[in-house]
Amino acid sequence: MFRFIVRRLLQLVPTLFGLSLLLFIWLHRLPGGPETAILGERGTPEMRAAIRRNLGLDEPILIQYGRFMKRLLQFDLGTSISTKREVTTEFLVRFPGTVELTITAMLIAVGVGIPLGYLAARRRGTLLDHGSVVGSLIGICIPVFFLAYVLKAIFAEGLGWFPSSGRQDPRIDATRVTNFFVLDGLMTQEWDASLNALWHLVLPGLALASIPLAIIVRITRASVLEVLGEDFVRTAQAKGLTERVIRRRHVLRNAMLPVATSIGLLTGGLLSGAVLTETVFAFGGIGAFVADAIGQRDYPVLQGFILIIALVYVLVNLLVDISYTFIDPRVRVR
């Protein structure tokens, strides 16, 4: 196990190096540049040249990349062109919000998707099965931003049951410790702040969970159906084992491997795909900030944020690989 973890961590080095190279080339091939975002259409060629010279963008691209890698090895992601703050500081301020939103969405998707997919498989051909299949298809087809607008219009602006924007009511004088608002409320025993932050997560969490929920339902259903047809399940039934033992020891354990894989991939995707949901609910995560950075050609922010998200994505999937040995003891990671 230890060798496997070390080997996977070492694989991060060429992965991140290749990603940083592709990302650097891609960003510098985008039309326009920071000088266009800063000056607009009325900037003179002299003014544009001065800005590019000050930012070091007039040098050959290999020299710029070498300077970027040198800073990266010193854990320096540079300074944002638009906010003039360090990229690391901007990330630490916003990333907790996206993590809270992603965890909420995955808790909804896993908490509802696995039981629903399992029940649909065990009651194949019933109204529950057909309803879950149709519902999961609808969940995949509806765009996240449209569902977010619908939820916001009905439950926030119409009925007033939930807040329509933000991570927490600004009138609450909450103590900030980690920038994870729910966790901060629990650590400081400011229960109202923690509950208020949870309340702000409901609608964006539901919107973001829609597609992962639909995928998990379908994968769980298909996986359970496949396992139920295996010989070892029929053998267990013939031996007279109780339904509970068969379900826990033979069906769920064997059916969860593909589900765990999909959860890892979906979690990484949510971290980088929360842009639209955060924009609709004015949620203070990294999504809206990255979207603004693309429009402003803020190269340091884009490079730093995407690299860190890629690192988190790989680490999440490493945890999923490790979880295989706990789900099914027959799996031995070498």
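The structure under discussion appears in the preceding block.
Here the structure is a predicted model, which means the values were calculated and not measured.

## Section: the packing of aromatic side chains
No. 1: This structure, assessed with the given rule, holds seven aromatic pairs.
No. 2: Ring centres of Phe17 and Tyr65 lie 6.4 Å apart, and the angle between their planes is 65 degrees; this geometry places the pair in the edge-to-face category. Within this pair, whereas Phe17 is found in helix 1 (residues 2-29), its partner Tyr65 is found in helix 4 (residues 61-73), the two being separated by 48 residues in sequence.
No. 3: Where Phe91 meets Phe305, the ring centres are 5.1 Å apart and the plane angle is 85 degrees; that geometry is what we call edge-to-face. One end of the pair, Phe91, is in helix 5 (residues 87-122); the other, Phe305, is in helix 14 (residues 299-327), with 214 residues separating them in the sequence.
No. 4: Using a relative accessible area of 6% as the deciding quantity, one classes Phe91 as buried.
No. 5: Counting every residue linked through ring pairs, the aromatic cluster contains Phe91, Phe95, Phe289 and Phe305.
No. 6: Just above the ring of Phe181 sits the side chain of Arg167; from NZ or CZ to the centre is 3.7 Å.
No. 7: Directly above the aromatic system of Phe181 lies the positively charged group of Arg176, at a separation of 3.7 Å from the ring centroid.

## Examining a nonpolar patch on the surface
No. 1: On the surface, Phe145, Phe146, Tyr149, Val150, Ile154, Leu159, Trp161 and Leu276 cluster together into a nonpolar patch covering about 790 Å² of accessible area.
No. 2: In terms of residues, the nonpolar patch owes the most to one element, helix 7 (residues 144-158), which gives five residues.
No. 3: Structurally, Leu276 can be placed in helix 12 (residues 275-280).
No. 4: Looking at Leu276, the relative accessible area reads 44%, which means it is partly exposed.

The rules we used
- Throughout this document, residue positions are counted from 1 along each chain, in the order its sequence is written.
- Two thresholds apply to this predicted model, a pLDDT of at least 70 for residue-level local features and 80 or more for giving and counting side-chain atom pairs, whereas whole-chain, interface and lining totals are computed over all residues.
- Computation of side-chain values: all heavy atoms of the structure, hydrogens and water removed.
- When two rings of Phe, Tyr or Trp (its six-membered ring) have centres within 6.5 Å they constitute a pair, described as stacked for plane angles under 30 degrees, edge-to-face for angles over 60, and tilted for the intermediate range.
- Every helix listed is a DSSP run of H or I at least four residues long, and every strand listed is a run of E at least two residues long, numbered separately from the N terminus.
- Partly exposed describes any residue whose relative accessible area lies between the buried limit of under 20% and the exposed limit of over 50%, with all areas from a 1.4 Å probe on protein chains only and scaled to the type maximum.
- Should the NZ of a Lys or the CZ of an Arg lie within 6 Å of a ring centre and within 35 degrees of the ring normal, that charge is described as sitting over the ring.
- To count toward a patch, a residue needs a relative accessible area above 30% and no salt bridge. Like charges then connect within 9 Å, nonpolar side chains (Val, Leu, Ile, Met, Phe, Trp, Tyr) within 5 Å.
- Here the accessible surface of atoms and residues is derived via Shrake-Rupley with a 1.4 Å probe, and residues count as covered only by protein chains that are part of the display.
- The salt bridge criterion pairs a side-chain nitrogen of Lys or Arg with a carboxyl oxygen of Asp or Glu, the two atoms within 4 Å.

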